[in-house]
Amino acid sequence: MKDLSHRFLCACFRGDGGEARTLMQNAGWDWERLFAEASDESMLPALYGRMCEIGLNESLPHPVLNFLSGVESLNAERNDAILGEVKLAVRLLNEIGIQPVLLKGLAYLATGVYAAPAARYLADVDLLIPEVQINPAAQALMQNGFEADDSDPFARFRHHHPPLMRPGAVHFELHHALTMSQAGALLPAGKMIESSIAADLDGVQVRVPSPEHMMAHLIMHSQLQHPYNERIWPPVKAMYDLVLLQRRFEDEIDWNRIETRFRAAGRYRTFALHLLRVQDSLGFSPPIHIKLTPGLRAAWHRRQILRRFPVLRYVDPIYMFSIVIGRRLRLLMSILQTPRGLSCLRDELLKAHIYERFFEDMVKGRGR
């Protein structure tokens, strides 16, 4: 059922109403399973509008239409509340001379990537600022009602300040880097800040990345940062972001330069596989030629096999290393390079939760 729902989502967001209708006629069709899948993919708010665009709304049960329409309306209210929090936080940062760079979903909404802002689900707020401004920025927020989330004992060793939030509101992450891994060389934070574009957000001053940097960051984040880099199932949200970002900034994105970035960082295969997956799932035609070398073809087929037969992931050393060991090694290196990091690590190694998460990753195999 999961695969059926996933195929339906992909059909909707590539505009294939015919296949979507065929899938709905399947004997195993389950609306609740679809809603759960769309929610897992953070695409539930976008589903109503997309179904209407491709003409599916005329053949859907009224309870389904009413539910999806209600979700879209609620997400519109949620996004308005989040934008209110963003304006409050940015005003405080502007007062001490900081203009943060909006990242990911916020940047897409601020630049009109989504024609209907209610369709884009925002998980949290990511703001990029120079590292020297991180502590003053955090202090400015905490002096005005924001509280630090100290539930992660290793938060201060990551590429952003521990999350900040006002009670009952959205989390803010103040980033000084775009990733904790070596992939940070692919798009250094300083370069993104330097080339960012000033923008007015209802009276507060922010910056947005250049379209080319938005695209490079989108691919890098989806494939290399969160939550692991062996993307057997890239998030539908990230793939749809890519399609809309290309549509919005088609004449401003130099794909040859983006390809060069990934090649220089030794990540061309990741870049190519991602574009091939977006093409396969959402019908996106890559604006750049991808040469299917024997190595790339083998990597593509390997991922196809791991998608079709999930149990094989447990015996695939590359996959298991990626989800269980890889990101922990990156965190370990950051801890060891930080003053007093070793003593913090020693204390945490005596606590059970470290090992619980480790075995949870091993057993679950991170289905995505």
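Everything here concerns the structure above.
We now turn to the structure provided with this report. Keep in mind the model is a prediction, meaning the values are calculated, not measured. (Residues numbered from 1 in each chain as written. Predicted model: local features only at pLDDT ≥ 70, side-chain atom pairs only at ≥ 80, totals over all residues. Heavy atoms only, no water.)

Now for a nonpolar patch on the surface. Taken together, the side chains of Ile 305, Phe 309, Val 311, Leu 312, Tyr 314 and Val 315 define a hydrophobic patch exposed on the protein surface, amounting to about 570 Å² of accessible area. Secondary-structure assignment places Leu 312 in the loop between α13 (294-308) and α14 (317-336). Residue class for Leu 312 comes out partly exposed when judged on its relative accessible area of 33%. (Patch = residues over 30% accessible without salt bridge, like charges linked within 9 Å, V, L, I, M, F, W, Y side chains within 5 Å. Areas by Shrake-Rupley, 256 points an atom, 1.4 Å probe, with all protein chains shown as cover. Salt bridge = Lys/Arg side-chain N within 4 Å of Asp/Glu carboxyl O. Helix = DSSP H or I, 4+ residues; strand = E, 2+ residues; numbered from the N terminus. Buried < 20%, exposed > 50% of the residue type's maximum accessible area, 1.4 Å probe, protein only.)

A positive phi angle, close to 60°, is found at Ser 42, a residue other than glycine. Inspection of the secondary structure puts Ser 42 in the loop between α3 (31-40) and α4 (44-53). Ser 42 sits in the buried class, given a relative accessible area of 19%. For Lys 104, which is not glycine, the phi torsion reads 55° and is therefore positive. Position of Lys 104 relative to the elements: it lies in helix α6 (residues 104-110). What makes Lys 104 partly exposed here is its relative accessible area of 23%.

In terms of nonpolar packing, the biggest core is built from 100 residues, with Phe 8, Phe 13, Leu 47, Met 51 and Trp 255 touching the most fellow members. Setting aside residues up to four positions removed in sequence, Phe 13 forms contacts with Met 43, Ala 46, Leu 47, Arg 50, Val 236, Tyr 240 and Leu 282. Residues Leu 306, Tyr 319, Met 320 and Val 324 belong to the second largest nonpolar core, which totals seven residues. (Core = buried A, V, L, I, M, F, W, Y, C linked by side-chain atoms within 4.5 Å. Contact = heavy atoms within 4.5 Å.)

Relative to the helices and strands, Asp 126 is located in strand β2 (residues 125-128). For Asp 126, a relative accessible area of 3% puts it in the buried group. Side chain to side chain, Asp 126 and Lys 104 meet in a polar contact 2.8 Å long. Excluding anything up to four places from it in sequence, Asp 126 contacts Val 101, Leu 102, Leu 103, Lys 104, Glu 173 and His 175. (Polar contact = N/O pair within 3.5 Å; in protein donor to acceptor, adjacent residues only side chain to side chain.)

Enumeration over the complete set of coordinates arrives at 13 salt bridges. A salt bridge links Glu 19 to Arg 14; its shortest N-O distance comes to 2.3 Å. Where Arg 257 meets Glu 212, a salt bridge forms, and the shortest distance between an N and an O atom there is 2.8 Å. Here Arg 257 is found in helix α11 (residues 255-264), whereas its partner Glu 212 is found in helix α9 (residues 211-225), with 45 residues between them in sequence. With relative accessibility at 48%, the residue Arg 257 sits in the partly exposed group. Ionic contacts of the salt-bridge type, sharing partners, join the residues Arg 14, Asp 16 and Glu 19 into one network.

Taken as a whole, this structure holds 12 aromatic pairs when the rule is applied. When the centroid spacing of 5.5 Å and the interplanar angle of 90° are considered together, the rings of Phe 146 and Phe 172 count as edge-to-face. Of this pair, Phe 146 sits in the loop between α7 (134-142) and β3 (147-148) while Phe 172 sits in strand β5 (residues 172-175), placing them 26 residues apart in sequence. Residue class for Phe 146 comes out buried when judged on its relative accessible area of 2%. By relative accessible area, which is 0% here, Phe 172 ends up buried. (Phe/Tyr/Trp six-rings, centres within 6.5 Å; stacked < 30°, edge-to-face > 60°.)

Glancing now at the packing of helix α12 (residues 268-282) against α13. It is at 11 Å that the axes of α12 and α13 come closest, and there the two elements cross at 55°. In this view, α12 runs oblique relative to α13, as classed from their interaxial angle. For the crossing formed where α12 meets α13, the hand is right-handed. The segment α12 lies against α13, with Arg 269, Ala 272, Leu 273, Leu 276, Arg 277 and Asp 280 engaging Gly 295, Leu 296, Ala 299, Trp 300, Arg 303, Gln 304 and Arg 307. Of the residues contributing to the contact of α12 with α13, the split by class is six nonpolar, two polar and five charged. (Axes fitted to C-alpha atoms, helices over the stretch in contact; angles between N-to-C directions. Parallel < 35°, antiparallel > 145°, perpendicular 65-115°, else oblique. Left-handed = near helix turned anticlockwise from the far one by under 90°. Nonpolar A, V, L, I, M, F, W, Y, C, P; charged D, E, K, R; others polar.)

Here the focus is the pairing of β5. Here β5 shows a buried face lined by Phe 172 and Leu 174 and a second buried face lined by Glu 173 and His 175. Here four bridges tie β2 to β5, and the two strands are oriented parallel to one another. What sits directly across from Val 125, in β5, is Phe 172. (Pairing = 2+ DSSP bridges.)

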